[in-house]
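# Observations on chain architecture
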Amino acid sequence: GITFGKFEGPAASFRAASNQYFESPTTAPFTAPPFSVLTWFNPVSATVAYNLWVLEPDSSHTSGAYFNLTASNTTNGKVDAGTSASGIESDASTVTKFTANTWNQAVGVWGSATDRRAFLNGGGKGTNATSRTPVISGNPLMDVGADNDVNAATIFSPTNGLIDHV
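Because the structure is a prediction, the values reported are computed rather than measured.

In this section: the overall build of the protein chain. Secondary structure summary: the protein chain contains zero helices and 16 strands in total. In the protein chain, which comprises 166 residues, the proportion classed as buried is 46%. Within the protein chain, counting contacts between residues at least 6 apart in sequence, those at least 24 apart form 62% of the total. Entry remark: accessible area of the protein chain is about 7,100 Å², with carbon and sulfur atoms responsible for 52%.

For the rest of this paragraph, the subject is the packing of aromatic side chains. Overall, the coordinates contain eight aromatic pairs when judged by the stated rule. Of the aromatic side chains, those joined through ring pairs into one cluster are Phe30, Phe35, Trp53, Phe67 and Trp110.

To continue, consider a nonpolar patch on the surface. Together, Leu38, Trp40 and Trp103 make up a nonpolar patch on the protein surface, roughly 260 Å² of accessible area in all. Among the secondary structure elements, Trp40 is positioned in strand β5 (residues 35-43).

Turning our attention to the environment of Thr94. Within the element layout of this structure, Thr94 appears in the loop between β9 (88-93) and β10 (104-112). Taking C-alpha positions, Thr94 is 5.2 Å from Lys125, a pair spaced 31 residues apart along the chain. The residues touching Thr94, leaving out its near neighbours within four places in the chain, are Lys78, Val79, Ala118, Phe119, Leu120, Gly124 and Gly126.

Moving on, we get to the nonpolar core. Within the largest apolar cluster, 24 residues are counted, with the highest numbers of intra-cluster contacts made by Phe41, Trp53, Leu69 and Trp110. Looking at this core, the elements that each hand over two or more residues are β5, β6 (50-56), β7 (66-72), β8 (78-85), β10, β11 (115-120) and β13 (141-144). Among the elements that line this core, the one with the most residues is β6, at four residues.

What follows concerns the pairing of β5. Pairing of β5 with β10 involves seven bridges; the strand directions are antiparallel. Within β10, the position partnered with Trp40 by the bridge is Gln105.

This brings us to the environment of Ser131. Relative to the helices and strands, Ser131 resides in the loop between β12 (123-128) and β13. Relative accessible area serves as the criterion here: at 47%, Ser131 is assigned to the partly exposed category. Counting along the chain gives 18 residues from Ser131 to Ala113, while the straight-line C-alpha distance between them is 5.2 Å. Beyond its immediate chain neighbours, meaning those up to four positions away, Ser131 contacts Ala113 and Thr114.

A word on the pattern of salt bridges. Throughout the structure, instances matching the rule amount to one salt bridge. The salt bridge partner of Asp115 is Arg117, with a shortest N-O separation of 2.9 Å. Arg117 gets classed as partly exposed once you look at its relative accessible area, which sits at 23%.

On the secondary structure map, Arg132 appears in the loop between β12 and β13. It turns out Arg132 is buried and unbridged, and the closest side chain with the opposite charge, Asp91, is 8.7 Å from it. In contact with Arg132, other than residues within four places in its own chain, are Thr83, Ala85, Ile88, Glu89, Ser90, Ala113 and Arg116.

Cis geometry marks the peptide bond from Pro33 to Pro34, where omega comes out at 10°. Relative to the helices and strands, Pro34 is located in the loop between β4 (22-23) and β5. Unlike most non-glycine residues, Asn101 shows phi in positive territory, near 60°. Locating Asn101 in the fold gives a position in the loop between β9 and β10. Backbone geometry places Asn121, a non-glycine residue, at a positive phi of 55°. Mapped onto the elements, Asn121 comes out in the loop between β11 and β12.

Thresholds applied
Residues numbered from 1 in each chain as written. Predicted model: local features only at pLDDT ≥ 70, side-chain atom pairs only at ≥ 80, totals over all residues. Heavy atoms only, no water. Helix = DSSP H or I, 4+ residues; strand = E, 2+ residues; numbered from the N terminus. Buried < 20%, exposed > 50% of the residue type's maximum accessible area, 1.4 Å probe, protein only. Contact = heavy atoms within 4.5 Å. Areas by Shrake-Rupley, 256 points an atom, 1.4 Å probe, with all protein chains shown as cover. Phe/Tyr/Trp six-rings, centres within 6.5 Å; stacked < 30°, edge-to-face > 60°. Patch = residues over 30% accessible without salt bridge, like charges linked within 9 Å, V, L, I, M, F, W, Y side chains within 5 Å. Salt bridge = Lys/Arg side-chain N within 4 Å of Asp/Glu carboxyl O. Core = buried A, V, L, I, M, F, W, Y, C linked by side-chain atoms within 4.5 Å. Pairing = 2+ DSSP bridges. Lys, Arg positive; Asp, Glu negative; His and termini not counted.

Here's what the structure looks like:
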């Protein structure tokens with residue numbers, strides 16, 4: 001199961017349903033770089049976008065401010081470490097692709113407003129240096145398995161597969 005900061009038990013199973021995600025029960029321990037996020041994921045498909053991890057203010061995309069780690073179909077099966085400010089997202093995308101029905105390791109590293117890095121299975125490093133400084137305020141929470149936008153009553157890019165060790 002998922003316990004933020006540590007894991008106990010088996011991997012969490014997600015079936016791309018709008019009610020299948022985990023949200024941190026307490027305020028996020030960080031709201032700005034530097035930080036890194038690592039997770040293992042085993043997706044059903046390599047042609048669908050999955051939000052593996054999201055940090056945003058008040059669990060809401062309405063401000064257009066967030067950090068996310070995604071397994072993305074928009075970059076042809078690569079892992080993205082993204083930062084969005086004022087609704088404009090910049091991603092570091094791995095140069096290698098993840099594989100469906102296989103355990104993959106995704107790592108996002110946010111060093112500063114101009115330093116994002118994404119890694120897949122210990123390599124495939126992608127970088128992005130576009131300046132983005134999201135304001136993560138209020139009661140920021142982390143989502144795993146999807147992006148829960150409470151204000152819009154929408155779940156974005158729910159994961160179909162397994163996630164472990166966030």
